[in-house]
Amino acid sequence: MSGKAKDILQMDLYGLLGIESSATTKEIKKAYRQKALTCHPDKNPDNPKAAELFHQLSQALEVLADAAARAAYDKVCAAKKQAEERNRKLDDKRKKIKLDLEARERRAEAQSQEEVQVTRTLEEEIARLREEGSRQLEEEQRLIREQIQREREEHRQTGDYSQRNSGVKTGATPKLKLKWKCKKDDEMNGGYSHDILFKLLQKYGDVLNLIVSSKKKGSAVVEFASVRAAELALSNESGLSGNPIKISWLEGKPEPVASASPSGQFLSSQGSLSNERDYESVVMMRMRQAAERQRLIEQMQREDEDEAAGS
């Protein structure tokens, strides 16, 4: 495309002459004469733009007065107008897409902030529960301990309590082994700390000792004061819902109560012990419990050391 053609396409020829695109050749020439007289260089010697405008008016007349040149010019102008319309629509569409995208981003950001706030609130509540303790849980545990204590008193009064424990080996306190899933590099020990285990187990009765292995992940041993407490824990405790505990007997598992003789009397003679004999038995049992706890701690320490050496 020549430089002259480019210059013409940059101009609005009909606008220069002040006529409509449907003007006749006669109207075009008339408009040219009127415009050219006002901006002729001879009439405007001090206006340098007059000569340029006069030249542009001459180009407009030259193109629009020729039918073929005018048709080509009109065709180019129409295509240019259509392109501008398409660009306008595209710009509108892009603008709408941009606005929609910004709106979605604002909604997503608001939703993300809401989720963060909800998560933060949950974390704060969990932290509060850990610090203050769950009143409902403590109340339920208190009720369970009171119920177990009442059962003990009833057993002592009726004489059934000594018979229920007649199958326990002398001096062997009930001990349970606890196991749960835990990876070696899990610092949280599968979600079980000493305090969490103690809270889970103490609701069944007095806990004499609780040892959580520091090297053998997912393992602990609990020693209860009574067989009844150990039996309740073994039967009812499942641990955390996301990582349940497997509980099994380690020591002190009760043996079947001795069967009755033909005369209807139990073979066990514990029911006939005097108060003095009972007191001595209790003292000896306490001494053996202390020794067993120490032995149990040493045994677990040795197992941890052996396992560490083997790995």
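Every value quoted in this text rests on a predicted model; they were computed, and no experiment measured them.

Cut-offs applied
- Residues numbered from 1 in each chain as written.
- Predicted model: local features only at pLDDT ≥ 70, side-chain atom pairs only at ≥ 80, totals over all residues.
- Heavy atoms only, no water.
- Pairing = 2+ DSSP bridges.
- Helix = DSSP H or I, 4+ residues; strand = E, 2+ residues; numbered from the N terminus.
- Axes fitted to C-alpha atoms, helices over the stretch in contact; angles between N-to-C directions.
- Contact = heavy atoms within 4.5 Å.
- Expected span 1.5 Å × (residues − 1).
- Buried < 20%, exposed > 50% of the residue type's maximum accessible area, 1.4 Å probe, protein only.
- Polar contact = N/O pair within 3.5 Å; in protein donor to acceptor, adjacent residues only side chain to side chain.
- Arc of directions from axis to C-beta.
- pLDDT = per-residue confidence, 0-100.
- Patch = residues over 30% accessible without salt bridge, like charges linked within 9 Å, V, L, I, M, F, W, Y side chains within 5 Å.
- Areas by Shrake-Rupley, 256 points an atom, 1.4 Å probe, with all protein chains shown as cover.
- Salt bridge = Lys/Arg side-chain N within 4 Å of Asp/Glu carboxyl O.
- Lys, Arg positive; Asp, Glu negative; His and termini not counted.
- Charge placed at Lys NZ, Arg CZ, Asp CG, Glu CD.

Caption draft 1: Geometry of the sheet that holds strand β1 (residues 175-179). Read from one edge of the open sheet, 4 strands run β2-β3-β1-β6, paired in antiparallel fashion. Two strands lie at the open edges of the sheet, namely β2 (207-212) and β6 (246-251), each paired on one side alone. Between one strand axis and the next, the sheet turns by 20° as a mean value, whatever way the strands run. Across the sheet, helix α8 (residues 194-202) is in contact with β1, β2 and β3 (219-224); its angle to β2 comes to roughly 145°. In the packing of helix α9 (residues 227-236) onto the sheet, the strands contacted are β1, β3 and β6, and the crossing angle to β6 comes to about 155°.

Caption draft 2: Structural context of unusual backbone geometry. In the Ramachandran plot, N189 falls in the positive-phi region, its phi being about 55° despite a non-glycine side chain. Tracing the sequence through the fold places N189 in the loop between β1 and α8.

Caption draft 3: Representation of helix α4 (residues 48-64). Under the 1.5 Å per step criterion, the end-to-end length of α4 is 26 Å for 17 residues, consistent within 8% with the ideal 24 Å. A50, Q56, L57, Q59, A60, V63 and L64 are the residues of α4 that are buried. Two or three places before K49, at the start of α4, stands the capping residue N47, its side-chain oxygen 3.1 Å from that residue's backbone nitrogen.

Caption draft 4: Summary view of α8. Turning to α8, its buried residues are L197, L200 and L201. Looking straight down α8, one finds that the buried residues subtend no more than 90° of arc, so they occupy a single side. For α8, the elements touching its buried residues are β1, β2, β3, α9 and β4 (239-240).

Caption draft 5: Broad picture of the confidence of the model for the protein chain. Chain-level statistics for the protein chain give a pLDDT mean of 81 and a share of 82% at 70 or above. Of all helices and strands in the protein chain, the one with the weakest mean pLDDT is helix α7 (residues 160-164) (46), whereas β1 scores best (95). Segment residues 160-170 is flagged for pLDDT under 50; beyond a separation of four residues in sequence, or across chains, it makes 22 contacts in the model. Confidence drops under a pLDDT of 50 for residues 260-273, and excluding neighbours within four residues, the segment shows 14 contacts in the predicted structure.

Caption draft 6: Representation of a negative patch on the surface. Where like charges cluster on the molecular surface, the negative patch consists of E303, E305, D306 and E307. When you line up the elements, D306 lands in helix α10 (residues 275-310).

Caption draft 7: Inspection of the pairing of β3 at higher detail. By the criterion of burial, β3 is predominantly enclosed, with 6 of the 6 residues buried. Covered by surrounding structure in β3 are S219, V221 and E223 together with A220, V222 and F224, the residues of both alternating faces. Where β1 lies against β3, 5 bridges are found, and the strand directions are antiparallel. By the bridge assignment for β3, L178 is matched with A220. Relative to β3, β2 runs antiparallel, the two being bridged by 5 bridges. Looking across to β3, one finds that I211 is bridged to V221.

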